[in-house]
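# Structural overview for review
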Amino acid sequence: MPEIHVKTFRDPDEATAEAAGLAWLAEAEETGGTRIARVLDHPEPTVLHLEQIRDGSPTRAQAERFGRSLARTHAAGADHWGAPSPGFPTRGGLRMGRSRTPFTSAADAPATWGAFFAEYRIRDFVQRIVDRGGFDAAEAAVFDRVADRLEDGTLGSPQPRLVGDAPARIHGDLWAGNVLWPTGSSEPTGAALIDATPHGGHAETDLALLALFGLPRLETVLAGYDAESRLADGWQERVELHQLAPLLLHVFLFGGSYTDHALRAARRYA
């Protein structure tokens, strides 16, 4: 019998969304995508029983395999920009969790990544932060200028080679704590992933979040990824642009030092 991790949610829709998202990401394992923690049971509306994965320290070989397998997960694609996982609950609208992170339906999906990121990852959060007194008008204007440049294509960039022109199937919350390094096994995908907010997005957004909070052996992970699915030229210069999404989420949830960090990043691209 596998070990079980019991995860409890405040809202039944959050549990349903997490189960659906993990299942959607796990579909990519068939084509070499990163291993995803399994939902073993959904015994109550607000409770999931998840596969317990023992976490260790990554070897260089594990890190390289993770980079390659993550490229394959991204290449599984999504139907449109901002697409949530199939089975995502829509009773409360296309938003998730206490952050109320927005997604899109096929009917209202933007035509480009830049338009999606501008509206659903910058303007949406900035307006809500302003409404609660977190940014003044001058600070909000910095983010608005970035959003304008995203919408007009100035800050656009190609996806990695395997993804092509389509939206990537991204994890969406890929900070270091959601990357587990299984111990006592030769995990073929190097790592296993948990706690996702998956959607159709730009692959570089996941990679930027790995860098934000310090993933072990990140350079090896990125080298493995680039070897499997060539990254577009200049991707290093776009890391902080993609980090605006998690930074604004953290400003909304926690404020504090994240506010200055988000503003510094935004001014670079405004």
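Remember, predicted model here, so these are calculated numbers, not experimental data.

## Quick word on the overall build of the protein
Along the protein, the regular secondary structure elements total 8 helices and 10 strands. The C-alpha radius of gyration of the protein comes to 18 Å, within 12% of the 18 Å expected for a compact globule of 270 residues. Projected onto its principal axes, the C-alpha coordinates of the protein cover approximately 55 × 45 × 35 Å. A buried classification covers 54% of the 270 residues belonging to the protein. In the protein, the share of contacts with a sequence separation of at least 24, taken over all contacts with a separation of at least 6, comes to 76%. Working note: accessible area of the protein is about 11,800 Å², and carbon and sulfur atoms make up 49% of it.

## Some thoughts on the environment of His 250
The residue His 250 is located in helix H7 (residues 239-254) in this model. Separated by 39 residues in the primary sequence, His 250 and Ala 211 have C-alpha atoms spaced 15 Å apart. Not counting the four nearest positions on each side in its chain, His 250 is found in contact with Phe 213, Gly 255 and Tyr 258.

## Some thoughts on unusual backbone geometry
Note on backbone geometry: most residues besides glycine have negative phi, and most peptide bonds are trans. Phi angles above zero are rare outside glycine, and Asp 195 is one such case at about 50 degrees. Structurally, the position occupied by Asp 195 is in the loop between strand E9 (192-193) and strand E10 (199-201). Given the relative accessible area of 25%, Asp 195 is considered partly exposed.

## As for the pattern of salt bridges
Enumeration according to the criterion identifies 20 salt bridges in this entry. Here Glu 18 ties to Lys 7 by a salt bridge, and the two come within 3.0 Å at their closest N and O atoms. With Glu 18 in helix H1 (residues 12-26) and Lys 7 in strand E1 (residues 4-8), the pair connects residues that are 11 residues apart, well separated along the chain. The burial state of Glu 18 is the same as that of Lys 7; both residues are buried. Across the salt bridge formed by Arg 35 and Glu 187, the nearest N and O atoms sit 3.0 Å from each other. Placement of Arg 35 in strand E2 (residues 35-36) and of Glu 187 in the loop between strand E8 (179-180) and E9 is noted, with a sequence separation of 152 residues between them. A relative accessible area of 9% places Glu 187 in the buried class.

## Brief notes about the pairing of strand E4 (residues 47-51)
Along E4, 5 of the 5 residues are buried, which leaves the element largely enclosed by surrounding structure. The pairing of E1 with E4 spans 5 bridges and is classified as antiparallel. Each bridged residue has a counterpart across the sheet, and for His 5 the counterpart in E4 is Leu 50. The sheet contact formed by strand E3 (residues 39-44) and E4 spans 3 bridges and is antiparallel. By the bridge assignment for E4, Val 39 is matched with Leu 50. Connecting E3 to the next strand, E4, in antiparallel fashion are 2 residues.

## What about H7?
When the terminal C-alpha atoms of H7 are compared, their 22 Å separation across 16 residues agrees well with the 22 Å that a helix rising 1.5 Å per residue should span. Within H7, the axis deviates most sharply at Ala 245, by approximately 35 degrees, and proline Pro 246 lies no more than four positions further along. Burial of H7 is extensive: 12 of the 16 residues sit out of reach of the surface. Those residues of H7 that fall on the buried side of the exposure criterion are Val 239, Leu 241, His 242, Gln 243, Leu 244, Ala 245, Pro 246, Leu 247, Leu 248, His 250, Val 251 and Phe 252.

Calculation criteria
- Residues numbered from 1 in each chain as written.
- Predicted model: local features only at pLDDT ≥ 70, side-chain atom pairs only at ≥ 80, totals over all residues.
- Heavy atoms only, no water.
- Helix = DSSP H or I, 4+ residues; strand = E, 2+ residues; numbered from the N terminus.
- Rg over C-alpha atoms; globule rule 2.2 N^0.38 Å.
- Buried < 20%, exposed > 50% of the residue type's maximum accessible area, 1.4 Å probe, protein only.
- Contact = heavy atoms within 4.5 Å.
- Areas by Shrake-Rupley, 256 points an atom, 1.4 Å probe, with all protein chains shown as cover.
- Salt bridge = Lys/Arg side-chain N within 4 Å of Asp/Glu carboxyl O.
- Pairing = 2+ DSSP bridges.
- Expected span 1.5 Å × (residues − 1).
- Bend = angle between axes of the 7 residues up to and from the residue.

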